[in-house]
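Residue-level listing of the chains:
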Amino acid sequence: MCMTDPVADLFVRLLNAGRRGHPTVGIPASRLKSNILSVFKAEGFIYGFEQEPLNGHPGLKVSLRYHPGREKKPLLEGIKRISKPGYRKYVGKSDIPRVMGGLGVALISTSRGIMTDSQARKSGMGGEVLCYAW
């Protein structure tokens, strides 16, 4: 089955698994998804991820992270997809957005890889705004 937006599928799987309180979630693997998950791990939204076959195909097993002491409330509460297959959103280094006044992160795809909005500002690079996460 052909998927038109695999990045949006990644976001939906992460949010749905978090809302249901699952400890892990399986996702079809790609290099872009691995890079996005690396940024989420560095920002503390997930514990980590590892390569694991999923129905005979390459896959990623993501360990989700929850608030301590709460009733399975996920740290990754929301993701808004900005750049879509039908409409790409690019920003220059001076136009990089702030998410929720700095409480969230924007993922920017640059020529040096995927990075957060603060990392892109420090390196002086613009790029494609993939999503906002909080």
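Residues numbered from 1 in each chain as written. Predicted model: local features only at pLDDT ≥ 70, side-chain atom pairs only at ≥ 80, totals over all residues. Heavy atoms only, no water.

## Topic: unusual backbone geometry
Phase 1: Of note, the phi angle at K72 is positive, near 55 degrees, even though the residue is not glycine.
Phase 2: Assignment of secondary structure puts K72 in the loop between β3 (59-64) and β4 (79-81).
Phase 3: A relative accessible area of 46% means that K72 is categorised as partly exposed.
Phase 4: For M100, which is not glycine, the phi dihedral falls at a positive 50 degrees. (Helix = DSSP H or I, 4+ residues; strand = E, 2+ residues; numbered from the N terminus. Buried < 20%, exposed > 50% of the residue type's maximum accessible area, 1.4 Å probe, protein only.)

## What about the sheet that holds strand β2 (residues 46-51)?
Phase 1: Overall, antiparallel pairing links the 3 strands, which are arranged β1-β3-β2 in an open sheet. Each end of this open sheet is capped by a strand with a single partner; those strands are β1 (24-28) and β2. Direction aside, the axes of adjacent strands within the sheet are offset by 25 degrees on average.
Phase 2: The pairing of β1 with β3 spans 5 bridges and is antiparallel. Bridge pairing in β3 links V25 to V62.
Phase 3: Each of β1 and β3 is contacted by helix α1 (residues 6-20), which is oriented at about 165 degrees to β1, the strand it contacts most.
Phase 4: Seen against the sheet, helix α2 (residues 31-43) touches β1, β2 and β3 and runs at an angle of roughly 150 degrees to β2. (Pairing = 2+ DSSP bridges. Axes fitted to C-alpha atoms, helices over the stretch in contact; angles between N-to-C directions. Contact = heavy atoms within 4.5 Å.)

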